[in-house]
Amino acid sequence: MSDRRIQLVKGDITQQRVDAIVNAANTSLRGGGGVDGAIHRAAGPGLLEECRTLGGCPTGDARITKGYDLPARYVIHTPGPVWQGGGVNEDALLASCYQSTFALLHDHNLKTVAFPSIGTGIYRFPIDRASRIALREIRRALNENPSIERVVIVAFDERTFDAYTRALMEESS
Ligand code: ADP
């Protein structure tokens, strides 16, 4: 059975009422396209101002900021790997995005979080492969951290929703 604390929804991550939403950022942390742009637009200029003070973030690592005008209290920014065919450690770097995010959630005693599908947009990580890695890492973190109450995976489009649905079914079978 899949962990009841994991929810898959179709929608826009900027609308999620959770302790923290996760941003599929780039290493500059200066904003960008895709979900990054949507989060900055919804959070307002305070977010970029705070991000500028952080000095960037390496791929697979994560940084936390306040949520500003978002319903979420915090944003966790994690740059995923650019897919280059699978030979340059992309799987481990993507897993590391999830691990780094859960480490920050733990440090800040946060209990609810929403993830986008990190890496599978502009960075072209294959969606089935990414969804399996995401769910493996989410499940592992939930097992290690009973104080996490809810993990929402926010699929922005049908293709992403379908891939995570398949991966959830694989896990529970
Ligand atoms: P990356 O550069 O890590 O690939 P992208 O932002 O390009 O990041 O894409 C990651 C995923 O986020 C894609 O599935 C994209 O469709 C999705 N996405 C884009 N906007 C939003 C949003 N507002 N809420 C949730 N997911 C979004």
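Counting restarts for each chain, with residues numbered from 1 along the sequence as it is written. It should be noted that, the model being predicted, local features are given only for residues of pLDDT at least 70 and side-chain atom pairs only at 80 or more, the latter also being counted only at that level, while totals for whole chains, interfaces and linings use all residues. Side-chain calculation: all heavy atoms of the structure are included, whereas hydrogens and water are not.

What follows deals with the packing of aromatic side chains. Between 30 and 60 degrees the pair is tilted, below 30 it is stacked and above 60 it is edge-to-face, where a pair is any two Phe, Tyr or Trp rings, Trp via its six-membered ring, whose centres lie within 6.5 Å. Under the counting rule described, the total for this entry stands at 3 aromatic pairs. When the centroid spacing of 5.6 Å and the interplanar angle of 45° are considered together, the rings of F102 and F115 count as tilted. In this pair, F102 is assigned in helix α3 (residues 90-107) and F115 in strand β5 (residues 112-115), connecting sequence segments 13 residues apart. Relative accessibility thresholds used throughout: buried, under 20% of the residue-type maximum; exposed, over 50%; partly exposed, between the two (1.4 Å probe, protein chains only). A relative accessible area of 0% means that F115 is categorised as buried. Members of the aromatic cluster, each reached through a chain of ring pairs, are Y98, F102 and F115. Two conditions define a charge located above a ring, namely a distance within 6 Å from the ring centre to NZ of Lys or CZ of Arg, and an angle within 35 degrees of the ring normal. When the ring centre of F161 is taken as origin, the NZ or CZ atom of K10, which lies over that ring, is 4.7 Å away. Secondary structure follows DSSP: runs of H or I at least 4 residues long count as helices, runs of E at least 2 residues long count as strands, and numbering of each begins at the N terminus.

A separate point is the site of the ligand. Residues in close proximity to the ligand total 16 residues, the closest being D12, V35, G119, G121 and I122. Within the backbone of G119, one N or O atom sits 2.9 Å away from an oxygen atom of the ligand. Between the ligand and Y123 there is a distance of 3.0 Å, counted from an oxygen atom to a backbone nitrogen or oxygen. Per-residue accessibility takes into account occlusion by the displayed protein chains alone, with areas from the Shrake-Rupley method and a 1.4 Å probe. In isolation the ligand exposes 560 Å². Once the protein is present, 93% of that is buried. Residue type decides the class: Asp, Glu, Lys and Arg count as charged, Ala, Val, Leu, Ile, Met, Phe, Trp, Tyr, Cys and Pro as nonpolar, and the leftover types, Gly among them, as polar. Broken down by class, the residue content of the shell around the ligand amounts to 7 nonpolar, 7 polar and 2 charged. When we say a residue is near a molecule or strand, we mean one of its heavy atoms is within 4 Å of it. Definition of a polar contact: a pair of N or O atoms within 3.5 Å, with one able to donate and the other able to accept a hydrogen when the atoms are protein atoms, and with sequence-neighbouring residues admitted only if both atoms are side-chain atoms.

Bringing the sheet that holds strand β6 (residues 150-155) into the picture now. The strand order β1-β6-β5-β2-β4-β3 describes an open sheet built from 6 strands, whose pairing is mixed. The open sheet is flanked by β1 (6-10) and β3 (63-66), the only strands paired with a single partner. Strand-to-strand twist in this sheet, taken as the mean axis angle between neighbours without regard to direction, amounts to 25°. Here, a strand pair is defined by DSSP locating no fewer than two bridges between the strands. With 4 bridges joining them, β5 and β6 adopt parallel strand pairing. When the bridges of β6 are listed, A114 appears paired with V152. Residues are treated as being in contact if the distance between any of their heavy atoms lies within 4.5 Å. Only the contacting stretch of a helix is used when fitting its axis, a line to C-alpha atoms as for every element, and angles between N-to-C directions run 0 to 180 degrees. The strands touched by helix α2 (residues 45-52) are β3 and β4 (74-79); relative to β3, the strand with the most contacts, the crossing angle is about 140°.

The next point concerns α2. Inspection of α2 places G46, L47, E50 and C51 among the buried residues, and these make up the whole buried set. An end-on view of α2 places all buried positions within 135° of arc, on one side of the element. Residues of α2 that are exposed and point over 90 degrees away from its buried face: P45 and E49. In the core, the buried residues of α2 are packed alongside α1 (34-43), β3 and β4. Directions pointing from the helix axis toward each C-beta atom define the arc.

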